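Residue-level structural notes
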Amino acid sequence: MNEQQLSVAANLPSGYLSSQDGVNKQSGSEIKWVDGGKPLFTVSTHLVSTVYTQDQHLHNFFQHCQSMDMSGQASEGELIKYLKSLHAMEGHVMVNFLPTILNQLFCVLTTATHEDVAVNVTRVMVHVVAQCHEEGLEHYLRSFVKFVFKPEPYSSICLRMVHEELAKAMTAILKPSTDFLTSNKLLKHSWFFFEALVKSMAYYLIEGSKVKLSRNQRFSTSFYHAVETLVNMLMPHITQKYKDNLDASRNANHSLAVFIKRCFTFMDRGFIFKQINSYMNYFVPGDPKTLFEFKFEFLRVVCNHEHYVPLNLPMPFGKGRIQRFQDLQLDYSLTDDFCRNHFLVGLLLQEVGGALQEHRDIRQMAIQVLKGLMIKHTFDDRYAARSHQARLATLYLPMFGLLQENVCRLDIKDSAPLSNHNTMREDSLVPNSMVTLQKPGSCIENALHKDVFGVISGTASPHSSTPNVNSVHHADSRGSLVSTDSANSLLDKSSDKTNSLEKWLYTLSRLMSPAASCFGCMCISWSKCVISR
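The name given to the chain in an unreviewed UniProt entry is Dedicator of cytokinesis protein 9, with the source organism recorded as Ataeniobius toweri. Recorded under Sequence similarities (unreviewed entry), the UniProt text for the chain is reproduced unchanged: "Belongs to the DOCK family."

Following this line, the structure appears as structure tokens:
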């Protein structure tokens, strides 16, 4: 705001604009002033501009950046001083100049030659992003990353790329010796920085015509090292700070999962598998429930990659009909070879198997992720053909071993069969080969009672007398092995155990028959092999 006080003239003679004060004479005639030329008129001006700012801190920073561009020389000490002063700029100024500030900060990040400059630039970004979130302006940041942010192309002048320098700066801020307030803000709003990393990576590949190169040649070795270091530096914050700052740890975990998933598109996939394995090494059996939530949220996001099936390299199902359990065990057990050949699904099944040894909530959490993934395969138009579904089913055959190991946790009582109408309707979901395998008098011959579906889906008690007949259709995805806290006499009755497993497999096949009808056929045809083993 700027105010000026002016005198008021009684007449306007020729050439009056050249008058500087009330005593000059113009063209031989004197200007007559009201009230003796006292300043009676006050003028107030207020600058409104997205080019020029009234904030002195921001003005100094822009002016210093301009002088560096013109002279080609940078004073690191002066630049750091102006960067630190940006923490004091007013919030409304920051919002008005948001795209310009962020673009200038990213430009300084790639031109700086000293690590302290890059770290201070990233600190200012963290401050700006946090302020926008506090003001409820997250959508401005997302719009900036999507539509405005354009990294400087790689050239002889710009030898540093945003994704590499930003990864190094984030690692430096996450070190234990740095300011914990800044690191907590970085964790909480890490999505912005990972989004900028991904866009810079994509822009670098497109502008540099590196998309057609093999994946291990697209990025420099130093960038691979920067990503690996960043993941290893981020994980202790996720697994240790959740007690004091749950939101920040949860947001950082989700943002890291999204970043890892997107890296499958750009980077060497073997390197990404290595980072996923490194991530999993930070979790151990018996962790608190929150850490299990983080782990399975990470797996859920990563496994939702659009090319999840090709990443797992499904093996052809062409060995003919398997007659013995030994043949099944050789090729379809959850062995180290299986996990190496089918990394993501092997890792997921391993973690589900470990979660089945935990309490009920964790078991439900693990089964929910697995079940949701299999349902996703069902509605994927790319794999709608029956032969494709058969190949997908082979990826999940180690589930038989998990069922056999956890048969003692099954608690399903014998109950009356469903009506013929329901039986015929459900049998239409499974192939004819499944029906021919049923023998008169066996427990698979009759359809399971409606409470069985409620038990498997986690929406009804195993001993409920009035289950909901629609539970199989409207249950949520929390289907898991039911709790057997009372440890009743199941372990003492092998026949009850056998019947329970056989029923569980049959019910599981019907629940997943929309996901893979061929897998349901396998559940029935091989259930007796698993039981007899």
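Take the packing of aromatic side chains next. Considering all chains together, one arrives at 16 aromatic pairs under this definition. Aromatic side chains Phe273 and Phe343 sit 4.8 Å apart centroid to centroid with 40 degrees between the ring planes, which places their arrangement in the tilted category. One end of the pair, Phe273, is in helix α12 (residues 269-280); the other, Phe343, is in helix α17 (residues 343-355), and 70 residues separate them in sequence. You'll find Phe273 and Phe343 in the same group, each marked buried. For Lys81, the ring lying beneath its charged end belongs to Tyr82, and the centroid distance is 5.0 Å.

Our focus in this paragraph is helix α7 (residues 162-173). Spanning twelve residues, α7 covers 16 Å between terminal C-alpha atoms, matching the ideal 16 Å at 1.5 Å per step. Along α7, the residues that are buried comprise Val162, His163, Glu164, Glu165, Leu166, Ala167, Ala169, Met170, Thr171, Ala172 and Ile173.

This next bit is on the packing of α7 against helix α10 (residues 221-240). For the pair α7 and α10, the least separation of the axes is 9 Å and the interaxial angle reads 30 degrees. Classified by the angle their axes make, α7 and α10 are roughly parallel. Once α7 is placed against α10, the crossing between them reads as left-handed. For the pair formed by α7 and α10, the contact residues are His163, Glu164, Ala167, Lys168, Met170 and Thr171 on the first element and Ser222, Phe223, Ala226, Thr229, Leu230 and Met233 on the second.

Here we take up the packing of α10 against helix α11 (residues 246-266). Helices that pack against each other are described as a pair by the angle of their axes relative to one another and the distance between those axes. The N-to-C vectors of α10 and α11 enclose an angle of 150 degrees; their axes lie 10 Å apart at closest approach. Classed by the angle they form, the pair α10 and α11 counts as roughly antiparallel. Relative to α11, the crossing made by α10 is left-handed. Residues Val227, Val231, Leu234, Met235, His237 and Ile238 of α10 lie in contact with α11, whose contacting residues are Ser249, Ala252, Asn253, Leu256 and Phe259.

Bringing the environment of Gly286 into the picture now. Position of Gly286 among the secondary structure elements: in the loop between α12 and α13 (289-303). Accessibility expressed as a relative area gives 57% for Gly286, which makes it exposed. Gly286 has contacts with Phe292 and Glu358, leaving out every residue within four places of it along the chain.

Next up on the list: the environment of Lys295. One can find Lys295 in helix α13. The class for Lys295 is buried, based on a relative accessible area of 5%. Separated by twelve residues in sequence, Lys295 and Phe283 have C-alpha atoms that sit 7.8 Å apart. Setting aside its immediate chain neighbours within four residues, Lys295 contacts Tyr279, Met280, Phe283 and Glu351.

Moving on to the pattern of salt bridges. The tally for this structure, following the rule as stated, stands at twelve salt bridges. Here Glu138 ties to Arg142 by a salt bridge, and the two come within 2.7 Å at their closest N and O atoms. Taken together, the positions of Glu138 and Arg142, both in helix α6 (residues 138-148) and four residues apart, correspond to about one turn of that helix. Its relative accessible area of 29% is what places Glu138 among the partly exposed residues.

Another aspect to go through is the nonpolar core. Across soluble globular proteins, nonpolar side chains have a tendency to be buried as a group. Phe61, Phe106, Phe192, Leu256, Phe259, Met267 and Ile276 are the most contacted members of the largest nonpolar core, which totals 123 residues. Broken down by element, the residue count for this core peaks at eleven residues, all from helix α9 (residues 190-207). Discounting residues that sit within four places of it in the chain, Phe61 has contacts with Leu79, Tyr82, Leu83, Leu86, Gln104, Leu105 and Val108.

A few words now on the environment of Ala167. Tracing the chain through its elements places Ala167 in helix α7. We classify Ala167 as buried; its relative accessible area is 0%. Sequence spacing of Ala167 and Thr229 is 62 residues, and the spatial spacing of their C-alpha atoms is 8.7 Å. Apart from the residues lying within four places of it in its own chain, the contact partners of Ala167 are Leu197, Ala226 and Leu230.

Thresholds, definitions, all that
- Residues numbered from 1 in each chain as written.
- Predicted model: local features only at pLDDT ≥ 70, side-chain atom pairs only at ≥ 80, totals over all residues.
- Heavy atoms only, no water.
- UniProt positions renumbered as here; feature names shortened; annotations may be inferred.
- Phe/Tyr/Trp six-rings, centres within 6.5 Å; stacked < 30°, edge-to-face > 60°.
- Helix = DSSP H or I, 4+ residues; strand = E, 2+ residues; numbered from the N terminus.
- Buried < 20%, exposed > 50% of the residue type's maximum accessible area, 1.4 Å probe, protein only.
- Lys NZ or Arg CZ within 6 Å of the ring centre and 35° of its normal.
- Expected span 1.5 Å × (residues − 1).
- Axes fitted to C-alpha atoms, helices over the stretch in contact; angles between N-to-C directions.
- Parallel < 35°, antiparallel > 145°, perpendicular 65-115°, else oblique.
- Left-handed = near helix turned anticlockwise from the far one by under 90°.
- Contact = heavy atoms within 4.5 Å.
- Salt bridge = Lys/Arg side-chain N within 4 Å of Asp/Glu carboxyl O.
- Core = buried A, V, L, I, M, F, W, Y, C linked by side-chain atoms within 4.5 Å.

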